[in-house]
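Remarks on the overall topology
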Amino acid sequence: MRDRSGRTRGACILVVLALLAPRGASAAEPNIKSIAAGLSYEHFSRSVVWPGDGAASKILAHRVSARVDIGLAGGLVVRLDAGLSLNDFSGLTFDALPVSLELDGDPIRGFALGAEVTAPLKRLGAFEIGAAGRFVYSFGMSKSWPLEGFAVEGEATGQPSWMEISAGPRVAYLSTGRIVPYVEVSARMFWAGFRMSETLGDLGGEETKNVRGDFAVSVALGADIRVTDRISVKAKAGIMPAAGGAGAMVSIGALYGF
């Protein structure tokens, strides 16, 4: 039986997939209008309360990705990216192991995949009202730490993962030439997990911490900058107010159009 968090996650994925579906373009009209490829950097921080913890702690993530933006009929733009991630789960504690542990900011490398779609909905003078949906999944590599100060050898091994789905409206101002600024409001659902195992002599144990469907709302300002007819820069920065401390996100990408 699927739990409520599973149903919520499925509903969010359906919303993003619905945004990805192209709207009715003429069958005689080419579907792909443009392709641009390049590199992007993204950073985000998010406050979460892990089960069993009394206070919030922050997850920090850095991502460097190769990306491709595909312009479709009707003004839709689909972005696909894949790259490396560096994740920091500082303050996360594990108390159900032979020796209690607390992560202290040692970053963990991993891989990340993402997809995004933006769709124009209505033009009002110089303003364009649209929608944007985003999906990101990061899976970390295993990392080990020695347990020191004991009479026998010991080691702890951990592996994190996280996923975020966001969707919301975007309003862009189109009368500034090569620079198109916009404001974006997004509802964001976040899942994270961290599996930690430990051995200390003949003792052993494993503990998994999960955050299921943590909800937040973000507000971001961005700009699409056309440097030349083929080179463009896309940048965005925003905040996520939260009781445990505001989160933030920053992204910048450089693309070459074909």
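Residues numbered from 1 in each chain as written. Predicted model: local features only at pLDDT ≥ 70, side-chain atom pairs only at ≥ 80, totals over all residues. Heavy atoms only, no water.

Regarding the packing of aromatic side chains
- Applying the stated criterion to the full structure yields 10 aromatic pairs.
- Note on phenylalanine 89 and phenylalanine 194: the rings are 5.4 Å apart at their centroids and 70° apart in plane angle, and the pair reads as edge-to-face. One end of the pair, phenylalanine 89, is in the loop between strand 3 (77-88) and strand 4 (93-94); the other, phenylalanine 194, is in strand 10 (residues 179-200), and 105 residues separate them in sequence.
- On the basis of relative accessibility, which here comes to 3%, the residue phenylalanine 89 falls in the buried class.
- Classification of phenylalanine 194 as buried rests on a relative accessible area of 0%.
- Between phenylalanine 111 and phenylalanine 139, the ring centres sit 5.9 Å apart and the planes meet at 35°, which makes this aromatic pair tilted. Of the two residues, phenylalanine 111 is situated in strand 6 (residues 108-124) and phenylalanine 139 in strand 7 (residues 127-140); the sequence distance between them amounts to 28 residues.
- Looking at phenylalanine 139, the relative accessible area reads 31%, which means it is partly exposed. (Phe/Tyr/Trp six-rings, centres within 6.5 Å; stacked < 30°, edge-to-face > 60°. Helix = DSSP H or I, 4+ residues; strand = E, 2+ residues; numbered from the N terminus. Buried < 20%, exposed > 50% of the residue type's maximum accessible area, 1.4 Å probe, protein only.)

Here we look at the confidence of the model for the protein
- Summarising the model, the protein shows a mean pLDDT of 88, and 88% of its residues fall at 70 or more.
- Note on residues 1-5: pLDDT is under 50 here. Beyond four places in sequence and across chains, it has four contacts. (pLDDT = per-residue confidence, 0-100. Contact = heavy atoms within 4.5 Å.)

Let's talk about the nonpolar core
- Counting residues in each nonpolar core, the largest one holds 27 residues, and the members touching the most others are Trp50, Phe89, Leu103, Trp162, Phe194 and Met196.
- Elements supplying a minimum of two residues to this core: strand 1 (32-48), strand 2 (57-72), strand 9 (154-173), strand 10 and strand 11 (203-226).
- A total of five residues in this core trace back to one element, the largest contributor, which is strand 10.
- If sequence neighbours within four positions are ignored, phenylalanine 89 has contacts with Trp50, Lys58, Ile59, Leu103, Pro160, Trp162 and Phe194.
- In terms of nonpolar packing, the next biggest core, distinct from the first, is built from five residues, Leu72, Leu76, Val78 and Ala119 among them. (Core = buried A, V, L, I, M, F, W, Y, C linked by side-chain atoms within 4.5 Å.)

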